[in-house]
Structure formats: C-alpha cells, structure tokens
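Residue-level structural notes
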Amino acid sequence: MNIHYFNNCASTRVDDEMMEIINQYNTQYYYNPGTLGGNSAVVNKQMQDSRLLLANTIGADKQEIVFTSGGTESNNIAILGTTKGKKGNAIITMCEHSSAYYTTLSLEDKGIEVRIAKCDGEGHIDYEHYLSLVDDNTVLAVMMHANNETGALNDIKYLAHAVKAINSKTIVFSDGVQAVGKVAVNVKNLGVDLYSMSGHKLHTTKGIGALYVKKGTKISSLVYGGGHEGGIRSGTEFVPGIITMGKAVSNAVANIDRLEPIYVSYRQQVIDCVHCIGGEYITCKTNYLPCVISLALEGIKSEVLVNMLEMDGVMIGTSSGCSAKTSKAGRVYTHIGMADKYITGVLRISFSKFTTQQDIDILCQKLAQYVPQLRQTIKGK
Ligand code: PLP
C-alpha cells in the first residue's frame, strides 16, 4: 500500500543521503572520536565540519553549538543548565512543548518562581502579558519560536529584545525545533542566548539535536563525564547523527524559498477541501508555518478519522506527536479556548519536501469521503 504521510511535525523520512552517511559511520568509520589515532581524527574532522556548517547556517560561531540527543534534551539543558543554583523567577508560555513547559515548571522545586504567559486564540504568545511578567529578578525567559500544535509563528526577535530591554541579565531561550529549517533563523539577529534544534524534524535520524549557546552564557552541565561538547553534554558522541545534523539543517534552509509557495498551495487546498465538507475550524489563520495546518471538524473525533484514513495509507496527526497518547493532549487547545465541540477532534496535517500533489489529492478525496460518512453514522445513533 502506498503511504501518504502528513505527520512531518512529528517526524520526517530520513534522506537517502543521510542514511548513507549514517551507515558509513556505523560500519566503516565507527571509531570513537575521543581516542587517539588517525582514524579517530578523520571522524573528529567530519564532526567539526558539521558543527561549522550548522553554526554558519544559523548565524552562530562553531564554539556555540552543542550537539545533544534531540529537542527534548536541548530544552532540558537550556532550562536546567542556565538556572542551576539561581533564585528569582522564570517565564514560560502556556503553549510550550512539554519538554520546555514541564522542565520550566520543575524549577519551582528549586525555589524559582515560575510565571506563565498567556497565548492568543491561535497559539501565539501574548507579548504584552509575557513582558508584564518580566522584572529585575527574571533569570530565564523561555519562548518557543513556532508552535508544534497550531503552527503559530512567534516574533521572537521582538520578544527577546523587549525582554532584554527590561532586564539585560535575563537569559533568553527559544525552542526552535519546529521553526529552524522552515523559516530563516539567525540567532544573533533574533537576540536569543540559547536556541534548540532537532534532527528528526529535518530528514535525519531520531536521536540527534543541537543547542546554540551564546558565547559567555553561564551554563552548567546536567550530566558529568568526559567533558564532551565543551563540558556541557558529556557522553561519547552520536557520530553518525552529528555528521548529518549540519547537512540536515543547511539543506532545509536552502530549500525554504522553493518549498514555501508549494506549502502555501497545499495548505490552501486542504482548507478549501474542508470548507467544502463544512463544519471546519482552522486553528491558526495568521502568522503561521505554511507547512502545517491544525484544524478540527465538527462532530468528528480525531482518533476515529485518523484510524480510518490510516487504513487507506493516509497518515495524519492529531494535536502533537509527543502528547498524542497522553491525557495532556489538550493543554494548549484548552488554553487557547478551543470550543468543546472541536477539542476532541483536532487534526494536525504537516507537509515536507517529500509531500506530493498526489498525496494532497488523495488526502482531500478521503476526507470528502469519510467525514460525511462518519457524521451520518453519528446522526443515525
Ligand atoms: N520542541 C518542539 C516545539 C517540538 O515540536 C518537539 C518535538 O515534537 C520537541 C521540542 C522535542 O524534540 P525531540 O523529539 O527531538 O526530543
């Protein structure tokens, strides 16, 4: 059966080019880069080249890139590592990914007051409310760049600079996992101190991520060991992942301008399709990532429709990949005030460079077939 995959915000297909590198560095060049000897030096060189490529791609210096196991770890290191031993308050938004939200909430156990900023009805940060929470004692400001559930894109450049204008000592951290490679990112221009990224959202393997840490930012390690990654993230490096990470981000960035109009067209076709079906709710209509659309269809439970579509090889997401199996799936949608009649029916459809017009045609065809059928069945009960 052909697969028509629309859950690219959750994870993407690994590029063949990346798979080749991953295989090569697992079977041929499997040396530990930390040991002495010529072969290790070759591996080390490739890792440093990837670090440089990633740094150049996001406007950072090579020394400012720390490789991690993914977005979750990057977020944990950023939040816990910059606040270790500090007192004061930390700001988070209500719509953050769980790996930033719950990590920040855990700071309460360490005596840091956590202040939660509101978001608007589409999942954008309420900048005014956010800034009203910043004061002389704010040690950390956490702000996601693009929302993984609704696709809302935040103006991090504005918010980061505004936070610094209130308190120049506040560390500003942005979760860039859904934004990098989809919108142009220059960390210096954004004005953030830390920025997190994840490889599996950009066509390389799961288990690799990175964290930009601005030079001079005081950050403690969470894991002690051999002092890898500048002492911030000890542990023998995931060499194949690291070597592909620079390419994954730079390839994605190189494709942004080409893919954007394609995604805009796909997104509009899906909107037109659900509009024809009727009873649709589009979550985010302003300042969004064009590669994602969050919507709900009145009377339709997401898991029922997702399962029906999957039987035909059409794979779409519900609210977010990470929380789809937990009862916490509704935190963001509850906060942004989504009506009860939609909240159990949230669908997240996200595209990648592998999405084709044929995929879109089949998705629209199947939605037009199943949604009225399901509504009919519910009516008949
Ligand atoms: N932050 C955001 C905004 C995400 O969407 C995700 C994953 O979906 C993460 C962090 C976690 O990244 P990873 O899956 O690499 O741990």
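Let's shift gears to the overall build of the protein. Regarding its fold elements, the protein presents 12 helices and 12 strands. Here the protein has a C-alpha radius of gyration of 21 Å; the compact-globule value for 381 residues is 21 Å, and the two agree. The C-alpha extent of the protein, read off along each of the three principal axes, is 70 × 55 × 35 Å. Per-residue burial over the protein gives 56% buried out of 381 residues.

The next point concerns the sheet that holds strand 2 (residues 65-68). Across a sheet, paired strands are connected by hydrogen bonds in the backbone, their directions being either parallel or antiparallel. Strand order in the open sheet formed by 7 strands is 2-8-7-6-5-3-4, with mixed pairing between adjacent strands. Since the sheet does not close on itself, it has two edges, and those belong to strand 2 and strand 4 (112-117), each with one partner. When the angles between neighbouring strand axes are averaged without regard to direction, this sheet yields 20°. One ladder, built from 6 bridges, connects strand 3 (residues 88-93) with strand 4; its direction is parallel. The residue of strand 4 that forms the bridge with Ile92 is Ile116. Its contacts with the sheet put helix 6 (residues 156-166) on strand 5 (138-144) and strand 6 (171-175), and the angle it makes with strand 5 is roughly 175°.

Considering soluble globular proteins, one finds that nonpolar side chains tend to be buried as a cluster. If you look at the biggest cluster of nonpolar residues, it comprises 85 residues, and the most contacted ones within it are Tyr130, Met143, Tyr195 and Leu305. Residue contributions to this core peak at 15 residues, all from helix 8 (residues 239-277). The contact partners of Leu305, leaving out residues within four places of it in the chain, are Leu297, Ile300, Leu347, Leu367, Tyr370, Val371 and Leu374.

Around the ligand, the structure places 15 residues, and the nearest of them are Thr72, Asp175, Gln178, Ser198 and Lys201. The separation between an oxygen atom of the ligand and a polar side-chain atom of Ser198 is 2.6 Å. For the ligand, an oxygen atom lies 2.5 Å from a polar atom in the side chain of Lys201. For the ligand, whose accessible area on its own is 390 Å², the fraction buried by protein is 90%. Counting residues per element, the shell around the ligand draws most heavily on helix 3 (residues 71-83), which supplies 3 residues. Its residues assigned to classes, the shell around the ligand shows 3 nonpolar, 10 polar and 2 charged.

Another aspect to go through is the pairing of strand 6. Buried residues dominate strand 6, accounting for 5 of its 5 residues. Where burial is concerned, the two faces of strand 6 agree: the one with Ile171, Phe173 and Asp175 and the one with Val172 and Ser174 are both buried. Two strands pair when backbone bridges link them, and strand 5 and strand 6 are joined in this way by 5 bridges, in the parallel orientation. Residue Met143 lies in a different strand from strand 6, and its bridge partner there is Ser174. One crossover worth recording links strand 5 to the parallel strand 6 by way of helix 6, and it is right-handed.

Disulfide: a covalent bond formed between the sulfur atoms of two cysteine residues. This structure, assessed with the given rule, holds 0 disulfides. Of all cysteine sulfurs, the one in Cys364 lies closest to Cys273, which takes part in no disulfide; the gap is 3.9 Å. Cys273 sits in the buried class, given a relative accessible area of 10%. Unpaired in this structure, Cys276 has its nearest cysteine sulfur neighbour in Cys273, at a distance of 7.3 Å.

Checked against the element boundaries, Arg51 lands in helix 2 (residues 38-58). Linking Arg51 and Ile92, residues 41 residues apart in sequence, is a C-alpha distance of 29 Å. With residues up to four places along the chain from it excluded, the contact list for Arg51 reads Lys62, Ile65, Val66, Phe67 and Glu229. In terms of polar contacts, Arg51 uses its side chain to reach the side chain of Gln48, at 2.8 Å.

Analysis parameters
- Residues numbered from 1 in each chain as written.
- Predicted model: local features only at pLDDT ≥ 70, side-chain atom pairs only at ≥ 80, totals over all residues.
- Heavy atoms only, no water.
- Helix = DSSP H or I, 4+ residues; strand = E, 2+ residues; numbered from the N terminus.
- Rg over C-alpha atoms; globule rule 2.2 N^0.38 Å.
- Buried < 20%, exposed > 50% of the residue type's maximum accessible area, 1.4 Å probe, protein only.
- Pairing = 2+ DSSP bridges.
- Axes fitted to C-alpha atoms, helices over the stretch in contact; angles between N-to-C directions.
- Contact = heavy atoms within 4.5 Å.
- Core = buried A, V, L, I, M, F, W, Y, C linked by side-chain atoms within 4.5 Å.
- Near = heavy atom within 4 Å.
- Polar contact = N/O pair within 3.5 Å; in protein donor to acceptor, adjacent residues only side chain to side chain.
- Areas by Shrake-Rupley, 256 points an atom, 1.4 Å probe, with all protein chains shown as cover.
- Nonpolar A, V, L, I, M, F, W, Y, C, P; charged D, E, K, R; others polar.
- Right-handed = clockwise from strand over helix to strand, strands pointing away.
- Disulfide = S-S within 2.5 Å.

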